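# Residue-level structure breakdown
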Amino acid sequence: MTQPLGVILAGGRGTRMGHTDKATLILGGQTLLQRAIDRLEPQVAALAVNTNTDLPTEFTRLPDSITGHPGPLAGILAALDWAAAMGARHVVTVPVDVPFFPCDLVPRLLLAAEAHPVGLAIAADESGLHPTFGLWPVDLRPDLSAALDSGVRKVTDWTDQFGAAQAHFPTTEPSAFLNVNRPEDLARAEAALANAT
Ligand SMILES: Nc1nc2c(ncn2[C@@H]2O[C@H](COP(=O)(O)OP(=O)(O)OP(=O)(O)O)[C@@H](O)[C@H]2O)c(=O)[nH]1
């Protein structure tokens, strides 16, 4: 497979973070958006940001086409729409609020997808699936659009039918999939960075 496009999912509301746009949170002196860009950009052919705010970015901005904050599937649809417009065959998504995600995410997703009939792969580790980290074939766009129209909101409620391939990542400390949802998660991430230096 050729190097895929990449989209950072930053379309959430951040209610558990006091309704803050999590892309703008500062960790170790950098925004979570910049951290995600720095990790993903070297792994993909081109990058875009799924956002529903006026978040400043030099990259292509992809707002949800569905109103009412239906969750990350809307961001994955926006990513697939962009990939189709770019003439690409697949796109990788990462959420903006997982700052230590693996630097070899994309090659491992690509490897896992080789064994899957439609080339769909999702990241996993010992704790389970991390379904916002996925390699999404553009051919699945109509199916996802129909699923969203019919009210599907949870990523795995949509992907389960395809039996997505899993790209397995080792357990690390701190977890590569540490998710910054609440202020205490951000404090944990800061502590992890401080320990690493
Ligand atoms: N495009 C889009 N992405 C979303 C939406 N809701 C969540 N996300 C993204 O999905 C990922 C996981 O988000 P969550 O932490 O579950 O939701 P959140 O809205 O960011 O935060 P909470 O409001 O605290 O649940 C993040 O990358 C979010 O940016 C949405 O309605 N649209």
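Residues numbered from 1 in each chain as written. Predicted model: local features only at pLDDT ≥ 70, side-chain atom pairs only at ≥ 80, totals over all residues. Heavy atoms only, no water.

The chain carries the name Molybdenum cofactor guanylyltransferase in an unreviewed UniProt entry, which gives Salibaculum griseiflavum as its organism. Taken directly from UniProt, the Subunit (unreviewed entry) text for the chain runs: "Monomer." The Sequence similarities (unreviewed entry) field of the UniProt record for the chain holds the comment "Belongs to the MobA family." (UniProt positions renumbered as here; feature names shortened; annotations may be inferred.)

## A few points about the nonpolar core
Counting 42 residues, the largest nonpolar core has Ile8, Leu40 and Leu105 as its most contacted members. Of the residues forming this core, the biggest block, six residues, is contributed by helix H3 (residues 105-113). Excluding residues within four positions of it along the chain, leucine 105 makes contact with Gln43, Val92, Val94, Ala123, Phe133 and Phe169. Ranked by size, the runner-up nonpolar core spans 25 residues in total, among them Leu73, Ile76, Ala83 and Leu144. (Core = buried A, V, L, I, M, F, W, Y, C linked by side-chain atoms within 4.5 Å. Buried < 20%, exposed > 50% of the residue type's maximum accessible area, 1.4 Å probe, protein only. Helix = DSSP H or I, 4+ residues; strand = E, 2+ residues; numbered from the N terminus. Contact = heavy atoms within 4.5 Å.)

## Details of helix H2 (residues 72-85)
The first and last C-alpha atoms of H2 sit 20 Å apart over 14 residues, in line with the 20 Å expected at 1.5 Å per residue. With respect to burial, H2 is a largely interior element, ten of its 14 residues being buried. Of all the residues in H2, the buried ones are Leu73, Ala74, Gly75, Ile76, Leu77, Ala78, Ala79, Leu80, Trp82 and Ala83. Residue glycine 87 follows H2 closely and has a positive phi angle near 75°. (Expected span 1.5 Å × (residues − 1).)

## Looking at the packing of aromatic side chains
Counting across every chain of the model gives five aromatic pairs. Each ring, one from phenylalanine 101 and one from phenylalanine 133, has its centre 5.7 Å from the other, and the planes form 55°; the classification is tilted. Pair noted here: phenylalanine 101 is in the loop between strand S6 (90-95) and H3 and phenylalanine 133 is in strand S8 (residues 128-137), with a separation of 32 residues, a long-range link. Neither phenylalanine 101 nor phenylalanine 133 differs from the other in exposure class; each is buried. For the ring pair phenylalanine 169 and phenylalanine 177, a centre distance of 5.8 Å and an interplane angle of 70° mean the geometry is edge-to-face. An identical accessibility class is assigned to phenylalanine 169 and phenylalanine 177; each is buried. Following the ring pairs from residue to residue traces out a cluster consisting of Phe101, Phe133, Phe169 and Phe177. (Phe/Tyr/Trp six-rings, centres within 6.5 Å; stacked < 30°, edge-to-face > 60°.)

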